[in-house]
Amino acid sequence: MAVDHTRFLTDLHTLRSFGASGVGKGVIRPAYSKADIAARQWLAARMAEAGLTPHVDPVGNLFGLADGPSLLMGSHSDSQPEGGWLDGALGVIAALEIARSSDRPISVVSFQDEEGRFGVTTGSAVWSGGLSLEQADVLIDGSGVTFGSARAEMAKKSQGFVDPVRFSGFIEMHIEQGPALDAAGEQIGVVTDIVGIRDMVITFQGQQNHAGTTPMHLRRDAFQALSLFNTRLNDRFRNVVMPQTVWTIGRVDVHPNASSIVPGRVRFSMQWRDGDPERLVRMEDIIRATAQQIAEEQGVTLTYGPMLGLEPVSMDPVLRGALESGAQAIAPGRWRNMPSGALHDATNVSRLMPVAMLFVPSIDGISHDFAEDTAEEDLVAGLRVLDRAVHSLEE
Ligand code: HGY
Ligand code: MN
Ligand code: MN
């Protein structure tokens, strides 16, 4: 039975309605939020209608299980605090449509907390053994909620962890979240490998004081320490990084965040990504050495939160080959092999089985923003490539 493009697009738009932000097609659907839980309940019902057995594990990963051995397909349905409607959702709905229309057994998954409200791709990291439940349960979100308390409700209804032995491999379709395909006017990206990542929280603790009466030379201003750290780090990275290396200070909590108080404390996220594991280690050494030097110079104390990380992974050649032949059939001259600068659940799943990924373009390369979007014909082209690839794997 052929894939049903209309049913696929209709389900994508229905999923978008859970946590719709009201700004463009954006969504606000963080892990374990009411919108996320409602979306998973709807997904479970759609899985059951497709003849799959819905199964929720102790961290909220939602599987739609085919009977017996099957190929696993899917992604995640939680979003960033300001998320796009397709990030993760596309892979889940595309998997559901393939499962509904394929005559081979396909299981579907929506992993939980891929967007790292608590960690880094937390749900699939726990399922794949990359992170223990004990380690995950003490992770906290930006407002101090623990992973353990957030998942407690779902855990009560859990049917335990799914044994990965039933799956022959994992294929994830995702938006590119970068500019390459859109800029080149291409439709399909077959992923070669996914970068590695490190993510940690750093705190500088200085001295809170009066902004009017504290002379500059007597201050131990935690924000000044962060500002110097950032400038010096950018300078020191110059001889270590490559054009595709990225590093981000995305979240900064200044305390007490008041215009007439010298900041006594800054707590900030420090994240870096690269395709070379050794470069990730080098960058960590530079980060720690620079933070230590700034702390000594500025008379502030330095503390680190837990560092989470994933190593770079290469895609499975057989599954990737099936995607390449599908791309050649559906989008001849409009597809390419490319690395992924974004992280995906496929990285964790690669610990358990062969994995591969397929990209469709992001308009203007925008993602992790309400404006994220992809042309409908590109969404459908990606679905058709997946369908071809699954059929070619049967033979
Ligand atoms: O950050 C990432 O790469 C993913 O979109 N969570
Ligand atoms: Mn994603
Ligand atoms: Mn994302």
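Residues numbered from 1 in each chain as written. Chains lettered and ligands numbered in written order. Predicted model: local features only at pLDDT ≥ 70, side-chain atom pairs only at ≥ 80, totals over all residues. Heavy atoms only, no water.

**Student:** What should I look at first to understand the overall build of the protein in this one?
**Tutor:** Scanning the protein from terminus to terminus reveals 12 helices and 17 strands. Taken against the 2.2 N^0.38 rule, which gives 21 Å for 395 residues, the C-alpha radius of gyration of the protein at 22 Å falls within 12% of a compact globule. Considered along the principal axes of its C-alpha atoms, the protein spans approximately 75 × 45 × 40 Å. By the burial criterion, 53% of the 395 residues in the protein qualify as buried. Taking contacts inside the protein between residues at least 6 apart in sequence as the whole, the part at least 24 apart equals 78%. (Helix = DSSP H or I, 4+ residues; strand = E, 2+ residues; numbered from the N terminus. Rg over C-alpha atoms; globule rule 2.2 N^0.38 Å. Buried < 20%, exposed > 50% of the residue type's maximum accessible area, 1.4 Å probe, protein only. Contact = heavy atoms within 4.5 Å.)

**Student:** Can you walk me through helix α2 (residues 34-49) in this structure?
**Tutor:** The α-helix winds at 3.6 residues per turn, so residues separated by three or four positions along the chain end up facing the same way. Relative to the 22 Å expected for 16 residues at 1.5 Å per residue, α2 spans 23 Å between its end C-alpha atoms, a close match to the ideal helical length. Looking at α2, one finds that the buried residues are Ala-35, Asp-36, Ala-39, Arg-40, Trp-42, Leu-43, Ala-44, Arg-46 and Met-47. Where the residues of α2 are buried, they touch α1 (5-16), β1 (53-56), β2 (62-65), α3 (89-101), β4 (106-111) and α6 (147-156). At the exit of α2 stands Gly-51, carrying a positive phi of roughly 85 degrees. (Expected span 1.5 Å × (residues − 1).)

**Student:** Is there a simple way to think about the coordination of the manganese ion (ligand 3) in this case?
**Tutor:** Octahedral metal centres with six donors ideally show angles of 90 or 180 degrees, and tetrahedral centres with four donors ideally show 109.5 degrees. Coordination of the manganese ion (ligand 3) by the protein is provided by Asp-87 (OD), Glu-115 (OE), Glu-115 (OE) and His-368 (NE2), with metal-donor distances spanning 2.2 to 2.5 Å. On the primary sequence, the residues serving as donors to the manganese ion (ligand 3) are separated as D-x27-E-x252-H. A distance of 3.4 Å spans the gap from the manganese ion (ligand 3) to the manganese ion (ligand 2), which Asp-87 bridges by coordinating each metal. One end of the pair, Asp-87, is in the loop between β3 (70-76) and α3; the other, His-368, is in the loop between β17 (355-360) and α12 (376-394), with 281 residues separating them in the sequence. Residue classification places Asp-87 among the buried positions, given a relative accessible area of 5%. (Donors = N, O, S within 2.8 Å, 3.2 Å for Na, K, Ca; no water.)

**Student:** Sorry, what's going on with the nonpolar core here?
**Tutor:** Soluble globular proteins tend to bury their nonpolar side chains together. The biggest cluster of nonpolar side chains holds 52 residues, and the ones touching the most others in it are Phe-8, Leu-12, Met-73, Leu-90, Ile-188, Leu-379 and Leu-386. Core analysis: the second largest hydrophobic core is formed by 24 residues, Met-200, Leu-233, Met-270 and Ile-286 among them. (Core = buried A, V, L, I, M, F, W, Y, C linked by side-chain atoms within 4.5 Å.)

**Student:** Please explain the coordination of the manganese ion (ligand 2) as it appears in this structure.
**Tutor:** With distances of 2.1 to 2.3 Å, the protein atoms coordinating the manganese ion (ligand 2) are His-76 (NE2), Asp-87 (OD) and His-174 (NE2). Taken in sequence order, the residues that donate to the manganese ion (ligand 2) follow the motif H-x10-D-x86-H.

**Student:** What exactly am I supposed to notice about the site of ligand 1 here?
**Tutor:** Close to ligand 1 lie Glu-114, Glu-115, Gln-177, Arg-273, Ala-342, Leu-343 and His-368. The separation between a nitrogen atom of ligand 1 and a polar side-chain atom of Glu-114 is 3.2 Å. Contact with the protein chains covers 90% of the free accessible surface of ligand 1, which is 210 Å². Broken down by class, the residue content of the shell around ligand 1 amounts to two nonpolar, two polar and three charged. (Near = heavy atom within 4 Å. Polar contact = N/O pair within 3.5 Å; in protein donor to acceptor, adjacent residues only side chain to side chain. Areas by Shrake-Rupley, 256 points an atom, 1.4 Å probe, with all protein chains shown as cover. Nonpolar A, V, L, I, M, F, W, Y, C, P; charged D, E, K, R; others polar.)

**Student:** What am I meant to see in the pattern of salt bridges here?
**Tutor:** It is possible for side chains bearing opposite charge to pair when their charged atoms get close. Considering all chains together, one arrives at 18 salt bridges under this definition. Its salt-bridge partner being Arg-46, residue Asp-11 comes within 3.0 Å of it at the nearest N-O pair. In this pair, Asp-11 is assigned in helix α1 and Arg-46 in helix α2, connecting sequence segments 35 residues apart. Residue Asp-11 shares its accessibility class with Arg-46, and that shared class is buried. Of the charged contacts, one joins Asp-141 and Arg-117 as a salt bridge, the two residues approaching to 2.9 Å between their closest N and O atoms. Of this pair, Asp-141 sits in the loop between α5 (133-137) and α6 while Arg-117 is found in the loop between β4 and α4 (122-127), placing the two residues 24 residues apart along the sequence. The exposure class of Asp-141 is buried, given its relative accessible area of 9%. A single salt-bridge network, built from bridges that share partners, covers Arg-7, Asp-11, Arg-46, Glu-49, Glu-97 and Arg-100. (Salt bridge = Lys/Arg side-chain N within 4 Å of Asp/Glu carboxyl O.)

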